Amino acid sequence: MLISGNGSNLQAVIDAVALDLPVDIRAVISNKADAYGLERARNAGIEAWVLDHTQYPDRESYDQVLAELVASFKPGLVILAGFMRILSPHFVNKFRGQLLNIHPSLLPKYRGLHTHQRALDAGDLVHGASVHFVTEELDGGPLVLQIRLPIENGDDEEKLAKKVLSQEHIIYPAVIRWFADGRLRMKGNSVSKDGVTLKGPLGMRYHEAPPA
Ligand code: GAR
């Protein structure tokens, strides 16, 4: 798993693995040495690595080393969990179909940063988070599952972020489980689940259980 910060999504996956999620988290890699997620990994007995991007002259050289480090663990799936860097085409193509990301908006709305504030500024009534396969297009790969939740009176950026994050912790392990069970595949630029090509992302509402 690749992280840059707090690692609460990483923790959700660690907790799900402790319960019954059939994956083995081989390593956690952060581009930042002070990412709290590294501590979460160590506490769970998972190898924690720092690969500091500031030590590399450009994105390509960093991503080259990152790709080699990731590949050394022979992962079946590479999970981006708050990894706040754009990945170069070389990296993305090397792990094509095995690379998942979670993003705090209802993609294709609000790619990039400050998604909660942007949803509030736009006067949106509904907001959420998306899990998608990663392609060369930033926050643009085929969508798998989205959680939708209402923006309520009195929600500010912080409250909304908290609400969305709590739901990310549900949808990410659910999607990872589908992948681990061999039920989910990226096919070209779309996704198939249980052999059926999805016409769009699967959806889940606030306080609902993820689809089976
Ligand atoms: C999460 O909200 C995740 O969706 C977001 O960063 C946060 C990481 O939280 N990712 C992105 O914005 C990627 N474009 P965490 O470190 O507590 O899991």
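A quick note: this is a predicted structure, and the numbers were derived from the prediction, not measured. (Residues numbered from 1 in each chain as written. Predicted model: local features only at pLDDT ≥ 70, side-chain atom pairs only at ≥ 80, totals over all residues. Heavy atoms only, no water.)

Undergrad: Tell me what's going on with helix α2 (residues 36-43), and back it up with residues and numbers.
TA: Looking only at α2, the buried set comprises G37, L38, R40 and A41. Buried residues of α2 fall within an arc of 160° about the axis and therefore sit on the same side. Exposed side chains of α2 directed beyond 90 degrees from the buried face belong to R42 and N43. In this fold, the buried residues of α2 make contact with β1 (2-3), α1 (8-19), β2 (27-30) and β3 (47-50). (Buried < 20%, exposed > 50% of the residue type's maximum accessible area, 1.4 Å probe, protein only. Helix = DSSP H or I, 4+ residues; strand = E, 2+ residues; numbered from the N terminus. Arc of directions from axis to C-beta. Contact = heavy atoms within 4.5 Å.)

Undergrad: How would you explain the site of the ligand if you had to name every residue and give the values?
TA: N6, G7, S8, N9, G82, M84, I102, H103, P104, D139, L165 and E168 make up every residue found near the ligand. Interatomic distance of 2.9 Å between a backbone N/O atom of N9 and an oxygen atom of the ligand. Contacts to the ligand include H103, whose side-chain N or O atom sits 3.1 Å from a nitrogen atom. In the complex, 85% of the free accessible area of the ligand, which totals 450 Å², lies under the protein chains. Put simply, the parts of the chain that give the shell around the ligand at least two residues each are α1, β5 (99-103) and α6 (157-180). The residue inventory of the shell around the ligand, partitioned by class, reads 4 nonpolar, 6 polar and 2 charged. (Near = heavy atom within 4 Å. Polar contact = N/O pair within 3.5 Å; in protein donor to acceptor, adjacent residues only side chain to side chain. Areas by Shrake-Rupley, 256 points an atom, 1.4 Å probe, with all protein chains shown as cover. Nonpolar A, V, L, I, M, F, W, Y, C, P; charged D, E, K, R; others polar.)

Undergrad: Describe in detail the pairing of strand β8 (residues 184-187), supporting the description with residues and values.
TA: Side chains L184 and M186 of β8 all project onto a buried face; the interleaved residues R185 and K187 project onto a face where none is buried. Bridge count between β8 and strand β9 (residues 190-193): 4 bridges; the pairing is antiparallel. Paired with L184 across the bridge in β9 is K193. Hairpin geometry of β8 and β9 is characterised by an intervening segment of 2 residues between the two adjacent antiparallel strands and by a positive phi of about 60° at G188. (Pairing = 2+ DSSP bridges.)

Undergrad: Summarise the pattern of salt bridges; cite the residues concerned and give the values.
TA: Inspection of the entire model under this criterion finds 9 salt bridges. Close ionic contact of D20 with R177 constitutes a salt bridge, the shortest N to O distance being 2.9 Å. In this pair, D20 is assigned in the loop between α1 and β2 and R177 in helix α6, connecting sequence segments 157 residues apart. Taking relative accessible area as the criterion, R177 reaches 27% and is therefore assigned partly exposed. The partner of D194 in a salt bridge is R183, with the nearest N and O atoms 2.8 Å apart. One end of the pair, D194, is in the loop between β9 and β10 (196-197); the other, R183, is in the loop between α6 and β8, and 11 residues separate them in sequence. Note on D194: relative accessible area 46%, which makes it partly exposed. R183 sits in the partly exposed class, given a relative accessible area of 25%. Taken together, the shared-partner salt bridges connect E152, D155 and K163 into one network. (Salt bridge = Lys/Arg side-chain N within 4 Å of Asp/Glu carboxyl O.)

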